[in-house]
Amino acid sequence: MTAIPLRSFWVMFLFAALSSPIHADPFEYAFRELSPGIWVGIRENSPRFPVMGTTTFVVGSEGVIVFDGGGTALMSERALAKIRSVTDKPVTHVVISHWHGDHNLGIYRLLDEFPHAQVIGHSFTRAAMLGAPMDYVRGYPDAVPRLETRFRKLLDSGVTSGGEPIPDSMRDNLQTVLDHAELIHSEYNRVRVTPPTITFSDRLEIHSGDRVVELRHLGHGNTAGDIVMWLPEERIVATGDLVVLPTPYGFNVPPRVWAETLRELKALSFTTLIPGHGDIQTDSTYVDLLIETAESIADQRDAFLAKGMSPEETEAALDFSPFVKKFTRGDDFLANRFDVWFTQPFRKAALKALTGEPMVSLEREQAEGEE
Ligand SMILES: [Zn+2]
């Protein structure tokens, strides 16, 4: 019985480090204004190490509403600098889409500057951030030195742990992580868990003058407490990790329920979708692909079990091959991401979803010894 296992995060962390392209600074956002007063900051090339969520902010007449304010302190400081460059208004609300730290471990920096800002999230998100799920953050202070040692050994030896020569692309990326190790280490040593102090379970509206920001829980998606920010006038939705590109996350995601939640999302009839990671979408093509994939896996599972196959046999038999190329377009790096971040955990989640156990346990004692 596990929460999201600590090792899952380190697998994500390590594989992204091994295979992502070179960038100047891994904590930079590319900001753009989608509509007057609605800004989005995307950490470009989303699978790149260290994986960090998108930030969105809305300037209302009373102040600024931030949706996912930064996965590290530096990212939140950069979001703040961007906010200050476009408005003199204070940050009044900081919304957390879900508990995963790559969206919120830096938001305390926003609160340092705007201590009266309200931190808002789903009630499950608060419970998760106060409970065992967030314990993985305890691994942050030592993470980078550990990886540094491992990567230096790999580069010195010239061969992978499997004895194969290290490909050039991997060598470049190992070196890039080493080049930024000091900054990453320093950022990983100033993260802070900041749970929401205002919670809701279904729907909450924020009115800032004429501006209406709707926060909605459409159902279990990436977590049991996912919320989206819906701007009805502009038909813009920010989804958190309910939608992630270019390949989705499958950790603890129940396929049938996720598909239903995605159908609710589609029913908003958005014209712009801001995913938790990756490029902005201007139609529902990608959401449709997620729904098709999730429903296929749920249907396969139900059919295999109905034929009398065991859960273990069913988990192994689930066939993702019709979908791989649709997400990866033949790119080896993305194929690896699809496998590690989606196929492997989604198989487990598909079977776990039928057990009646919570997908993520909040109980701290059950998380002991995971690492
Ligand atoms: Zn994320």
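Caption draft 1: Fine view of the overall build of the protein. When you go through the protein residue by residue, the secondary structure sums to twelve helices and twelve strands. Whereas a compact globule of 371 residues would reach a radius of gyration of roughly 21 Å, the protein reaches 20 Å, a difference of no more than 12%. A principal-axis box enclosing the C-alpha atoms of the protein has dimensions of 60 × 50 × 40 Å. Out of the 371 residues in the protein, the part that is buried amounts to 44%. Long-range contacts, defined as pairs at least 24 residues apart, comprise 74% of the intrachain contacts of the protein with a sequence gap of at least 6.

Caption draft 2: Examining the sheet that holds strand S5 (residues 91-95) more closely. Read across the sheet, seven strands follow the order S1-S2-S3-S4-S5-S6-S7 without closing on themselves; strand pairing throughout is mixed. Every interior strand has two partners, whereas the edge strands, strand S1 (30-35) and strand S7 (198-200), have only one. The mean angle between the axes of side-by-side strands here comes to 20 degrees, regardless of whether they run parallel or antiparallel. With three bridges connecting them, S5 and strand S6 (residues 118-122) associate as parallel partners. Paired with Val95 across the two strands is Ile120, which belongs to S6. Those strands touched by helix H4 (residues 123-130) are S6 and S7, and its axis lies near 100 degrees from that of S6.

Caption draft 3: Structural context of the nonpolar core. In this structure, Ile65, Val66, Val95, Val228, Met229 and Val237 are the most contacted members of the largest nonpolar core, which totals 74 residues. Dropping the residues within four chain positions of it, Val95 is found in contact with Ile65, Val66, Phe67, Ile120, Gly121, Leu215 and Met229. By size, the runner-up hydrophobic cluster in this structure holds eight residues, among which are Phe124, Met134, Tyr136 and Val360.

Caption draft 4: A look at the sheet that holds strand S9 (residues 211-216). Pairing in this open sheet of five strands is mixed, and the strands run S8-S9-S10-S11-S12 from one edge to the other. Either end of the sheet is taken by a strand with one partner, and the two such strands are strand S8 (203-208) and strand S12 (272-274). Direction aside, the axes of adjacent strands within the sheet are offset by 20 degrees on average. Where S8 lies against S9, six bridges are found, and the strand directions are antiparallel. When the bridges of S9 are listed, Glu205 appears paired with Glu214.

Caption draft 5: Looking closely at the packing of helix H11 (residues 321-328) against helix H12 (residues 332-352). The interhelical angle for the contact between H11 and H12, taken along N-to-C directions, is 130 degrees, at an axis separation of 9 Å. The orientation of H11 relative to H12 falls into the category oblique. For the pair H11 and H12, the crossing hand works out as right-handed. Contacts from Val324, Phe327 and Thr328 in H11 reach Leu334, Ala335 and Phe338 in H12. Among the residues forming the contact of H11 with H12, the class breakdown is five nonpolar, one polar and no charged.

Caption draft 6: Broad picture of the environment of Gly250. Here Gly250 is to be found in the loop between strand S11 (236-238) and helix H8 (255-266). Placed 99 residues apart in sequence, Gly250 and Ala349 show a C-alpha to C-alpha distance of 7.4 Å. Once residues within four sequence positions are removed from consideration, Gly250 is found in contact with Trp341, Phe342, Thr343, Pro345, Phe346 and Ala349.

Parameters at a glance
The numbering scheme is per chain: residues are counted from 1 as the chain's sequence reads. For a predicted model such as this one, the threshold for reporting local features is a pLDDT of at least 70, and the threshold for listing and counting side-chain atom pairs is 80 or more; totals across whole chains, interfaces and linings nevertheless cover every residue. Numbering of helices and strands runs from the N terminus, with a helix taken as a DSSP run of H or I at least four residues long and a strand as a DSSP run of E at least two residues long. For the radius of gyration, the atoms used are the C-alpha atoms, and the globule rule reads 2.2 Å times the number of residues raised to 0.38. Exposure criterion: with C-beta atoms placed from backbone coordinates, a residue whose C-beta has 20 or more other C-beta atoms within 10 Å is buried, one with 12 or fewer is exposed, and one in between is partly exposed. Contacts here follow a simple rule: the backbone-placed C-beta atoms of the two residues must lie within 7 Å. Two strands qualify as a pair provided that DSSP identifies no fewer than 2 bridges between them. Only C-alpha atoms enter the line fits that serve as axes; for helices the fit covers just the stretch in contact. Angles between N-to-C directions range over 0 to 180 degrees. Think of a nonpolar core as buried Ala, Val, Leu, Ile, Met, Phe, Trp, Tyr and Cys residues, each tied to the set through C-beta atoms within 7 Å. Should an angle fall under 35 degrees it is taken as roughly parallel, and over 145 as roughly antiparallel, whereas 65 to 115 is taken as roughly perpendicular and any remaining angle as oblique. Left-handed describes a crossing in which the near helix is turned anticlockwise from the far one by less than a right angle; the clockwise case is right-handed. Side-chain classes follow a simple rule in which Ala, Val, Leu, Ile, Met, Phe, Trp, Tyr, Cys and Pro form the nonpolar group, Asp, Glu, Lys and Arg form the charged group, and the remainder, Gly included, forms the polar group.

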